[in-house]
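# Examination of the molecular architecture
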Amino acid sequence: MKLAVLTSGGDSAGMNAVVRAVVKAGILKGCETWIVREGYEGLVRGNADADAPIPPNLQTTLNVQVRDPSFIQNLRFGDGALLRDGTGDHTSGRTLKGRYIVRVGWDDVRGWFAEGGTLIGTARSQTFRTSEGRLTAAYNLIKEGIDALVVCGGDGSLTGADVFRAEWPTHVQTLRSQDRITDEQVSRHGHLRIVGLVGSIDNDMSLTDLTIGAPTALHRICEAIDNIHSTAISHSRAFVLEVMGRHCGWLSLMAGVSSGADFIFIPERPPKEDPWEDEMCEIIQRHRENGKRKTIVIVAEGAHDANLNPIRADYVKDVLTDRLGLDTRVTTLGHIQRGGRPCAWDRIWPTLQGLDAVDALLEATPDTPSYMIGMRENRVHRVPLVEAVKMTKGVAEAIKIRDFDKAMSLRDPEFRESLEGFIATSTLERDPLLSPEKRIRVGIMHMGAPAGGMNAATRAAVRYCIRQGHKPLAISNGFKGLLDDSVHELSWLGVDNWTVRGGSELGTNRTLPDIDLGGVASKFQEHQIQALLMIGGFETFSSLLILEAGRKYYPAFHIPIVHIPATISNNVPMTEFSLGSDTSLNALVDACDSIKQSASASRNRVFVVETQGGMCGYIATMGALAVGASIVYTPEVGINLDILRDDVRWLKTRYGLDEKGKSEGRVVIRNEKASDIYTTEVITKIFKEEGGPLFDARSASLGHTLQGGVPSPLDRAYGVRFALKSMAFIEKHHEQLREQKFKARQAGPESAAVITLQSSAITWVPVQEMVAHADMKNRRGKNAWWMKYKGLVESLAARPQQLL
């Protein structure tokens, strides 16, 4: 099968990862792979005006033998550098001028997914909107022998793809009647296979949890707001930021949650008060009276009031200036949101979707629908493209008729939860919402190593406590701090800036409560702690287990106790996500991008990069997938001489296949505990010695850089979500205990639980139940959902095809 991939509509980070994945997956499945430049416009233009391409330079560094000879035939076709450098239309020497449907090979797309935007170009084609234009596009595809197409774009692009497929048989018959194609071509290309992937920074497509480019756009927005914070505080200013989102407020909402904004405007849920100016000013004035020095308001570009009157950033600025006397500035982020290198998940998810797109094409028949490949519950899934587009348009239609409840219902449940969470953590209420007898003294503690998102979760818990009337008690420095009476009440304003802070503002250590369990119980009674919220990693899980078991002896532990997983290792059993793991993953990606530059500049250098992670290989494996590493070593698999021998053989083969004088730098990722014998230093020396004239080797240890830095938006958002769910859990179980007689209160085992993310759903797991799923010796879960991706790292390096 010959397949082509194109990008259409607005560009978004992650599109290049899609192209790279489709090309590599196609070659691995035995297909010819092509790219279409400039989206649908490239289909219409075709190659009619092109000169014959100059044959590629297929000379390799060495004459090597590989397991699959067809891999050599698809290694490169010479246009990859032109596409990556943007010199395709340069007329001197090799050129892409006049060529819009271009065959590409394995090495032609190497390193692409670290680039923002789309290297193959995108355009909104007016010609393709006409039947004549689509007829020409069909002819150009048939002429090249292509009848399978992957389209990455927004809902308009995917709608165009489905229309093109529906019309294909008619176009084929028309072309035959015009004698432009032969009977053989009619027979061979009677069915067009099409698959769509959603590239949109707005995250506005239904039936998928995240669109390609949305996470990176959120990164750009939060980076801008983080930078604005300091100048806003310095001058006690208000800032109004306009972000993208015509019919979808996801960017505005998640930026509000992740940056600690005071007020947001989104299309799906306009302000309920009329006039809305009174509601906004009352909330912001209350914050200012409490001592807050900065004000952040985020406006989606499609924001409006309940009567569909547009709400513009400049008008919001005038309201804040005229009614509250605030020194207010407007910042319109514009296309900054589209740019920059993709974040980690905008490399991983598009890669997984691109691989599945090729499978969907190979499985397609004339009777199967055109599929959209998306993400659902942290898994790649397929839905009929028409259904997704129809539901997406339903949101805009609901807004148009002012049915905002329906518009909200068409978004996924997490969208509504995030909005409720933003309101709960951003608004200072004048009076507590709960009556005095229902209020709780909640202890909040950090444990283990610091992780991004710990402070965001703490801020959300504190804000919720104050909103309800509870007393949030900070326990500094873990159980050691509790025994030393390092306990103090936190305030609404005191945690205002914690969202953007990395590390642990409360201080953390690895000391478990059994250091003095009786003393811990005594301190619980002394400080009247009625619930405990612990944020941390495997030590926190172990502490929860100890406290739950201690209920047999100490009545003070008969309270709701909650564990929010927060560890860069992501090694807490039964949860797919721990706070800090996304921040760490992005830190690894940033470091490896820089290391790869150095390795590639040296042409023939392998860098062995050591990561943290303890006995869990999550960061190493997902990091390898995100940076295109050649090899990954994890504790789960380990390292032995046979593995190293095969790795050296493969590296020699791969460097031997590189174009002479243009070898690529490569990265090998090793988890710090992958082997006690074969350390990073030993492996580097082996590679250096065995590489001979083919390749050199160096090492780099990322160490504690993976624990620091500004938390990612994903870690902040999940921190807020986990904290609010945890507080609701605490309130529920506290009420159940209140129904019992005071001296006879017995907390059930379900009241000591870990909050987990399983297939994007929040699930509570009692700590005793979790023990059965834990490898206590190696401090990790027994079944890791990400383990299958280690083999995928090797496949995307074409190791099985090369190694004899």
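Scroll up a little and you will see the structure.
Calculation notes
- Residue indices follow the written sequence of each chain, beginning from 1 at its first position.
- pLDDT decides what is reported in this predicted model: residues at 70 or higher carry local features, side-chain atom pairs at 80 or more are listed and counted, and totals for whole chains, interfaces and linings draw on all residues regardless.
- The side-chain numbers reported here are obtained from all heavy atoms of the structure, hydrogens and water having been left aside.
- Where helices and strands are cited, they refer to DSSP runs of H or I of at least four residues and of E of at least two residues respectively, numbered from the N terminus.
- For a compact globule the rule gives 2.2 Å times the number of residues to the power 0.38, and the radius of gyration it is set against comes from C-alpha atoms.
- In this scheme, a residue with accessible area under 20% of its type's maximum is buried, one over 50% is exposed, and one in between is partly exposed, where area comes from a 1.4 Å probe on protein chains only.
- Every residue pair with non-hydrogen atoms within 4.5 Å of one another is taken to be in contact.
- Each accessible area is a Shrake-Rupley estimate made with a 1.4 Å probe; only the visible protein chains count as cover when residues are assessed.
- Neither His nor the chain termini are counted; the positive set is Lys and Arg, and the negative set is Asp and Glu.
- Working definition for charges: the position is that of NZ of Lys, CZ of Arg, CG of Asp or CD of Glu.
- Ring pairs are drawn from Phe, Tyr and Trp, using the six-membered ring of Trp, whenever the two centres fall within 6.5 Å, and their geometry is named by plane angle: stacked under 30 degrees, edge-to-face over 60, tilted for the rest.
- Should the NZ of a Lys or the CZ of an Arg lie within 6 Å of a ring centre and within 35 degrees of the ring normal, that charge is described as sitting over the ring.
- By convention, orient the strands away from the viewer: a clockwise path from the first strand over the helix to the second makes the crossover right-handed.
- When DSSP finds two or more bridges between two strands, those strands count as paired.
- Take a side-chain nitrogen of Lys or Arg and a carboxyl oxygen of Asp or Glu: if they are within 4 Å of each other, that pair is a salt bridge.
- What counts as an axis is a line fitted to C-alpha atoms, over the stretch in contact for a helix, and the angles between N-to-C directions run from 0 to 180 degrees.
- Angle categories: roughly parallel below 35 degrees, roughly antiparallel above 145, roughly perpendicular from 65 to 115, and oblique for all the rest.
- Left-handed is the label given to a crossing in which the near helix is rotated counterclockwise from the far helix by less than a right angle, and right-handed is the label when the rotation is clockwise.
- Note that Gly is not counted as nonpolar here; it falls among the polar residues with everything else outside the nonpolar set of Ala, Val, Leu, Ile, Met, Phe, Trp, Tyr, Cys and Pro and the charged set of Asp, Glu, Lys and Arg.

## Observations regarding the overall build of the protein
Scanning the protein from terminus to terminus reveals 27 helices and 24 strands. Its C-alpha radius of gyration of 28 Å places the protein within 12% of the 28 Å reference for a compact globule of 804 residues. Here the C-alpha coordinates of the protein stretch approximately 90 × 70 × 50 Å along the principal axes. When the 804 residues of the protein are sorted by exposure, 60% land in the buried category. Residue pairs at least 24 apart in sequence account for 80% of intrachain contacts in the protein once pairs closer than 6 positions are excluded. Summing over all exposed atoms, the protein offers an accessible surface of approximately 30000 Å²; the carbon and sulfur share of this is 48%. Looking at the protein, you have 94 positive and 96 negative side-chain charges, and the mean spots of the two groups are 3 Å apart.

## A closer look at the packing of aromatic side chains
Counted according to the given criterion, the structure contains 18 aromatic pairs. Ring geometry for Phe71 versus Trp106: centroids 5.3 Å apart, planes at 70 degrees, classification edge-to-face. Here the residue Phe71 occupies a position in helix H3 (residues 69-73), and Trp106 occupies one in the loop between strand S3 (101-103) and helix H5 (131-144), the gap between them amounting to 35 residues. A residue is classified by how much of its surface remains accessible, and Trp106, at 2% relative accessible area, is buried. By the ring-pair criterion, three or more aromatic residues cluster together here, those being Tyr40, Phe128, Phe164 and Trp168. When the ring centre of Phe113 is taken as origin, the NZ or CZ atom of Arg20, which lies over that ring, is 4.0 Å away.

## Notes on the pairing of strand S2 (residues 32-36)
Among the five residues in S2, four count as buried, and that is most of the element. For the crossover from strand S1 (residues 2-7) across helix H1 (residues 15-28) to S2, the handedness is right-handed. With three bridges connecting them, S2 and S3 associate as antiparallel partners. In the sheet register, Ile35 faces S3, and the bridge partner there is Val102.

## A word on the pattern of salt bridges
Scanning the entire structure with this criterion turns up 62 salt bridges. Put simply, Arg220 and Glu223 hold a salt bridge, and the shortest N to O gap is 3.2 Å. Of this pair, Arg220 and Glu223 are both found in helix H8 (residues 214-235), three residues apart, which corresponds to roughly one turn of the helix. Arg716 is the salt-bridge partner of Asp226, the closest N and O atoms lying 2.6 Å from each other. One end of the pair, Asp226, is in helix H8; the other, Arg716, is in helix H24 (residues 713-738), with 490 residues separating them in the sequence.

## Comments concerning the packing of helix H16 (residues 454-468) against H24
Two numbers describe how H16 lies on H24: the axes approach to 7 Å, and their chain directions differ by 40 degrees. If you check the angle between H16 and H24, you find them oblique. Remark: the crossing between H16 and H24 carries right-handed chirality. Along its contact with H16, which presents Ala456, Ala457, Ala460, Ala461, Tyr464, Cys465 and Gln468, the element H24 presents Arg716, Gly719, Val720, Ala723, Leu724, Met727 and Glu731. Split by residue class, the contact of H16 with H24 holds ten nonpolar, two polar and two charged.

## Concerning the sheet that holds strand S13 (residues 471-475)
Strands sit in the order S14-S13-S12-S15-S16-S21-S22 across an open sheet of seven strands; the sheet is mixed. Strands with a single pairing partner mark the edges of an open sheet, and in this sheet they are strand S14 (487-489) and strand S22 (761-766). Averaged over all pairs of adjacent strands, the angle between their axes in this sheet comes to 25 degrees, without regard to strand direction. On top of the sheet, helix H19 (residues 538-549) reaches strand S15 (531-536), strand S16 (561-565) and strand S21 (752-758); it is set at about 155 degrees to S15, its chief contact. Its contacts with the sheet put H24 on strand S12 (441-446), S15, S16, S21 and S22, and the angle it makes with S21 is roughly 140 degrees.

## Digging into the environment of Gln178
Relative to the elements of secondary structure, Gln178 occurs in the loop between helix H6 (155-177) and helix H7 (183-188). Along the chain, Gln178 and Cys222 lie 44 residues apart, while their C-alpha atoms are 56 Å from each other.

## Here we look at the packing of H1 against helix H12 (residues 345-363)
Their axes nearest at 8 Å, the elements H1 and H12 cross at an angle of 40 degrees. Classed by the angle they form, the pair H1 and H12 counts as oblique. Classified by chirality, the crossing of H12 by H1 is right-handed. Where H1 approaches H12, its residues Ala17, Val18, Arg20, Ala21, Val22, Ala25 and Gly26 are matched on the opposing element by Asp346, Arg347, Pro350, Thr351, Gly354, Leu355 and Val358. When grouped by side-chain class, the residues that make up the contact of H1 with H12 number eight nonpolar, three polar and three charged.

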